[in-house]
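Close look at the chain arrangement
Chain by chain, the residues:
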Amino acid sequence: MKVDDVMTREVKPCHPDESLARAAQLMWDNDCGCVPVVDDEERVIGIVTDRDVCMAALLNGRPLHELLVAQAMAHKPVRVSPDDNISEAEELMRHARVRRLPVVDTKGQLVGILSLGDLAIAAKKERWLLAGSRLRELAETLAQISKPWGTPQEASRNGHHDEFRMR
């Protein structure tokens, strides 16, 4: 099964020079936990999550309309292609410990997003859960991405400083 078979196609991105209030509004309006960040050619240049928005407000002590997406976004998100295999995408999620992957075309332009929720829905629909190994893979992915990062200092030492990237 390919990413294209299960990804969410209707994704509303934002730009790095927009406010975090705008990103939060997009998340609210579209019932999602992240927004891909694109440049003027719709190429994915980052991603901002609901957690990023909250931490930016907390660590900067300023309202969201005063903070820019560029201040809180992950600048090098792991991404996948619509033609990638679901198992490969899931392995990327496990390794990067992320719940969502932007889906991009050969030009790096946004075409969708693949979430852990998309994988769960596909598993139920395709009855993947009947295959024990598939169930174990999905459980391992969830367990791996749910591990705590620890303190900002620990995350930085382990190469995960982007999780704590407030300026």
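Above this text is the structure in question.
Each value, and the rule that gives it
Residues numbered from 1 in each chain as written. Predicted model: local features only at pLDDT ≥ 70, side-chain atom pairs only at ≥ 80, totals over all residues. Heavy atoms only, no water. Salt bridge = Lys/Arg side-chain N within 4 Å of Asp/Glu carboxyl O. Buried < 20%, exposed > 50% of the residue type's maximum accessible area, 1.4 Å probe, protein only. Helix = DSSP H or I, 4+ residues; strand = E, 2+ residues; numbered from the N terminus. Contact = heavy atoms within 4.5 Å. Axes fitted to C-alpha atoms, helices over the stretch in contact; angles between N-to-C directions. Left-handed = near helix turned anticlockwise from the far one by under 90°. Nonpolar A, V, L, I, M, F, W, Y, C, P; charged D, E, K, R; others polar.

A word on the pattern of salt bridges. Proximity of charged atoms lets side chains of opposite charge pair with each other. Applying the stated criterion across every chain, the model contains seven salt bridges. Measuring nitrogen to oxygen at the nearest pair gives 3.0 Å for the salt bridge that ties Arg43 to Glu41. Judged by its relative accessible area of 36%, Arg43 is partly exposed. On the basis of relative accessibility, which here comes to 42%, the residue Glu41 falls in the partly exposed class. Between Glu90 and Arg94 there is a salt bridge, with its nearest N and O atoms 3.6 Å apart. Of this pair, Glu90 and Arg94 both sit in helix α5 (residues 86-96), four residues apart, roughly one helical turn. By relative accessible area, which is 0% here, Glu90 ends up buried. Each of Asp39, Glu41 and Arg43 takes part in one network of salt bridges that share partners.

What follows concerns the side chain of Asp39. Examined against the element boundaries, Asp39 turns out to sit in the loop between β1 (34-38) and β2 (44-49). Aside from chain neighbours lying at most four places away, what touches Asp39 is His15 and Ile45.

The next point concerns unusual backbone geometry. Both trends apply: most residues other than glycine have a negative phi, and most peptide bonds are in trans. Backbone geometry at Glu42 places phi at a positive 65°, although glycine is not the residue there. Residue position: Glu42 is located in the loop between β1 and β2. Positive phi, close to 60°, is recorded for Arg97, a residue that is not glycine. Accessibility expressed as a relative area gives 13% for Arg97, which makes it buried.

Here we take up the packing of helix α2 (residues 20-29) against helix α3 (residues 50-60). Orientation of α2 relative to α3, taken along the N-to-C sense of each, is 145°, at an axis distance of 10 Å. α2 and α3 meet at a crossing whose hand is left-handed. In contact with Leu20, Ala24 and Met27 of α2, α3 contributes Asp50, Val53 and Ala56. Considering only residue class, the contact of α2 with α3 consists of five nonpolar, no polar and one charged.

Looking at the element boundaries, Val3 is found in helix α1 (residues 3-6). Between the alpha carbons of Val3 and Ile113 there is a distance of 9.1 Å; along the sequence they are 110 residues apart. Apart from the residues lying within four places of it in its own chain, the contact partners of Val3 are Val80, Ser81, Pro82, Asp84, Asn85, Ile86, Ala89, Val103 and Leu114.

By themselves these figures say nothing about function.
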